[in-house]
Amino acid sequence: MFSWDNFIQEQTQQLPNLRIWRAKTRHDPRYLQLAEQNLLNFVSNDYLGLNGDPRLIKALQDGATRYGSGSTGAPSMSGYSQEHAKLSLNLAAWLGFEDCLLFNSGYQLNVSLFSALVNSNTHIWFAKNSHASHIDGILLAKAKFTTFTPEQISLVVRAIETDPIKLHIILCEGSFSMDGSCNYLAQLLEIKQKFPQQVLLIIDDAHGVGALGQSGYGTLEQQGLDHRQVDLYIGTLGKSLASHGGFVVGNAALIHYLRHSVRSQIFSTMLPPAQAAVSNAALAIIQSGEGIQLRDKLAQNIATFKQLALTSGINIYQAEENISAIQLVMLNDLSQLNLLHQHLLDRQILVGKIAYPTVAKNTPRLRISLTSAHTYDDITKLVATLAEKYHR
Ligand SMILES: Cc1ncc(COP(=O)(O)O)c(C=O)c1O
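Residues numbered from 1 in each chain as written. Predicted model: local features only at pLDDT ≥ 70, side-chain atom pairs only at ≥ 80, totals over all residues. Heavy atoms only, no water.

Visitor: Mind showing me how you'd approach the overall build of the chain here?
Guide: Each helix and strand counted, the chain has 15 helices and 16 strands in total. Taken over C-alpha atoms, the radius of gyration comes to 21 Å for the chain, in line with the 21 Å a tight globule of 392 residues would show. Its C-alpha atoms give the chain principal-axis dimensions of about 60 × 55 × 55 Å. Across the 392 residues that make up the chain, the buried fraction comes to 53%. For the chain, the accessible surface area stands at approximately 18,400 Å², while carbon and sulfur atoms represent 54% of it. Averaged over its 31 positive side-chain charges, the chain has a centre that lies 3 Å from the centre of its 31 negative ones. (Helix = DSSP H or I, 4+ residues; strand = E, 2+ residues; numbered from the N terminus. Rg over C-alpha atoms; globule rule 2.2 N^0.38 Å. Buried < 20%, exposed > 50% of the residue type's maximum accessible area, 1.4 Å probe, protein only. Areas by Shrake-Rupley, 256 points an atom, 1.4 Å probe, with all protein chains shown as cover. Lys, Arg positive; Asp, Glu negative; His and termini not counted. Charge placed at Lys NZ, Arg CZ, Asp CG, Glu CD.)

Visitor: Would you mind going over helix α8 (residues 185-194) with me for this structure?
Guide: It helps to recall that an α-helix has 3.6 residues per turn; residues three or four apart then point in one direction. Where α8 is concerned, the buried positions are Leu-185, Leu-188, Leu-189, Ile-191 and Lys-192. The buried residues of α8 occupy one face: seen down the axis, they fall within an arc of 155 degrees. Opposite the buried face of α8, at more than 90 degrees from it, the exposed residues are Glu-190 and Gln-193. Buried-residue contacts for α8 involve β6 (145-148), α7 (153-162), β7 (167-173), β10 (199-204) and α9 (219-222). (Arc of directions from axis to C-beta. Contact = heavy atoms within 4.5 Å.)

Visitor: Is there a simple way to think about a nonpolar patch on the surface in this case?
Guide: Together, Trp-4, Phe-7 and Ile-8 give the surface a local cluster of nonpolar side chains, amounting to about 370 Å² of exposed area. Relative accessible area serves as the criterion here: at 40%, Phe-7 is assigned to the partly exposed category. (Patch = residues over 30% accessible without salt bridge, like charges linked within 9 Å, V, L, I, M, F, W, Y side chains within 5 Å. Salt bridge = Lys/Arg side-chain N within 4 Å of Asp/Glu carboxyl O.)

Visitor: Looking at this structure, I do not really get helix α12 (residues 273-287). What am I missing?
Guide: Helix length check: α12 (15 residues) gives 21 Å between terminal C-alpha atoms against 21 Å at 1.5 Å per residue, within 8%. In terms of residue burial, α12 counts as a mostly covered element, since 13 of its 15 residues are buried. (Expected span 1.5 Å × (residues − 1).)

Visitor: I'm lost on the sheet that holds strand β11 (residues 232-236) in this one. Help?
Guide: Strands pair in a sheet through their backbones, by hydrogen bonds, and they do so in one of two ways: parallel or antiparallel. Strand order in the open sheet made by the seven strands is β4-β12-β11-β10-β7-β5-β6, with mixed pairing throughout. The outermost strands of the open sheet, each flanked by one partner alone, are β4 (99-103) and β6. Strand-to-strand, the axes of this sheet are offset by a mean angle of 20 degrees, without reference to chain direction. Sheet strands touched by α7: β5 (122-127), β6, β7 and β10. Its angle to β7, the strand with the most contacts, is close to 160 degrees. (Pairing = 2+ DSSP bridges. Axes fitted to C-alpha atoms, helices over the stretch in contact; angles between N-to-C directions.)

Visitor: Looking at this structure, how should I read the site of the ligand?
Guide: Taken together, the neighbourhood of the ligand is formed by 14 residues, with Gly-106, Asp-204, His-207, Thr-236 and Lys-239 sitting nearest. Here an oxygen atom of the ligand and a backbone polar atom of Tyr-107 are 2.9 Å apart. Taking Lys-239, its side chain carries an N or O atom lying 2.7 Å from an oxygen atom of the ligand. Looking at the shell around the ligand element by element, the count peaks at three residues for helix α5 (residues 106-113). Class assignment for the residues of the shell around the ligand results in two nonpolar, nine polar and three charged. (Near = heavy atom within 4 Å. Polar contact = N/O pair within 3.5 Å; in protein donor to acceptor, adjacent residues only side chain to side chain. Nonpolar A, V, L, I, M, F, W, Y, C, P; charged D, E, K, R; others polar.)

Visitor: Where do I start with the packing of aromatic side chains in this structure?
Guide: Each aromatic ring pair is characterised by the separation of its centres together with the angle its planes make. Scanning all chains against the criterion turns up five aromatic pairs. Residues Phe-126 and Phe-145 carry aromatic rings whose centres are separated by 5.6 Å and whose planes lie at 55 degrees to one another, so their mutual orientation is tilted. Of the two residues, Phe-126 sits in strand β5 while Phe-145 sits in strand β6, which places them 19 residues apart along the sequence. Each ring, one from Phe-148 and one from Tyr-184, has its centre 6.1 Å from the other, and the planes form 70 degrees; the classification is edge-to-face. Of the two residues, Phe-148 is situated in strand β6 and Tyr-184 in the loop between β9 (180-181) and α8; the sequence distance between them amounts to 36 residues. The class for Phe-148 is buried, based on a relative accessible area of 2%. On the accessibility criterion, Tyr-184 (4% relative accessible area) is buried. The ring centre of Tyr-317 lies 5.7 Å from the NZ or CZ of Arg-365, which sits over that ring. (Phe/Tyr/Trp six-rings, centres within 6.5 Å; stacked < 30°, edge-to-face > 60°. Lys NZ or Arg CZ within 6 Å of the ring centre and 35° of its normal.)

Visitor: I tried to follow the side chain of Gln-265 on my own but got confused; where do I start?
Guide: If you trace the backbone, Gln-265 turns up in helix α11 (residues 263-267). Gln-265 gets classed as buried once you look at its relative accessible area, which sits at 7%. For Gln-265, the residues in contact, after removing those within four places along its chain, are Ala-74, Pro-75, Leu-101, Leu-102, Phe-103, Leu-258 and Arg-259.

Visitor: Please clarify how unusual backbone geometry should be interpreted in this entry.
Guide: Peptide bonds are trans in most cases, and residues, glycine excluded, mostly fall at negative phi. A cis amide bond, omega 10 degrees, links Tyr-356 with the succeeding residue Pro-357. Relative to the helices and strands, Pro-357 resides in the loop between β15 (352-354) and β16 (365-369). Positive phi is not limited to glycine here, since Ala-242 has a value of about 50 degrees. Among the secondary structure elements, Ala-242 is positioned in the loop between β11 and β12 (246-250). Judged by relative accessible area, which is 13%, Ala-242 ranks as buried. In this structure, Asn-362 takes a positive phi of about 65 degrees despite not being glycine.

Right, dumping it as structure tokens:
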């Protein structure tokens, strides 16, 4: 019988895995505080432990007092405030670009960006392990596209060479959300240099901006590369800035065009000004000496985790190259994944349990998200508990 009840039941049965939504009861940078339990938290994106910082909370309160609880409209109507203007300016100046456009989230940005950039003469090349928001945005744009693996980069170059009248977008992440650092960013910058007019290079460094590199410019800086060679540099405000929203920086003409053509800029209510005030306060910390210290602590924690894990014989994905806050423990099969995840959970340690379709088949992994708030003891406890069952 055709009915919506049957349809939903059938679809639900086909879902590969049901995720658990844990309702936290308050915020702590190290723990996921639930009503019944306190889990040592290795799944947070709060890479610098700034969520809950009194300065950010005050910025939220002051912003709400001044502007109210919401923004009241799209940016071109009544939604744009001085806090938004200041944030755009601050982000562009900090990252060394001419202009910046704010979005309600990184996901919204990626879903709406590509529709404005493609036509029948464009082709998008993007990394095979790209974030869902890139895939969704490219499909929505009805863009012509090809995915590539690191081994196929030379094929991308050849395709651009042989099709000089086409315009190409190369899209990649600084740190992949399920794989850690991208280790071929230098090659992508070289392609941009080789085809300056034909190629628009877009790097989304949602997991790197603020958290990585001496100045917090992200994965490119961490790898000794210049992020300003990218045409559009994307970040989120919801991870190391402990705020909310997405942003893209680029040259003035490009951002001006996007401001007036990306549909989410026109048809969606702007981020609350108080939220932009939080981002401004977080950015001030990130740019200060304190920001450098927090990033040093994060880098130390990443190194400690890798060193302890490798000493315990644990298989870390691209241990040498992956210097991001996202570390992956690669496993043989789903039963090992379930066993280890549960073993950690039974000891109040929460890590990400990642399997197909989030990652390729036969590559199940535990995803460990490190922050500057973790202590040496937290990391020792994680690795020791993991090692108890890893080799069985
Ligand atoms: C590469 C990448 N881009 C965008 C996003 C989405 O950003 P937001 O959480 O601000 O929607 C994520 C989220 O994890 C991401 O990994």
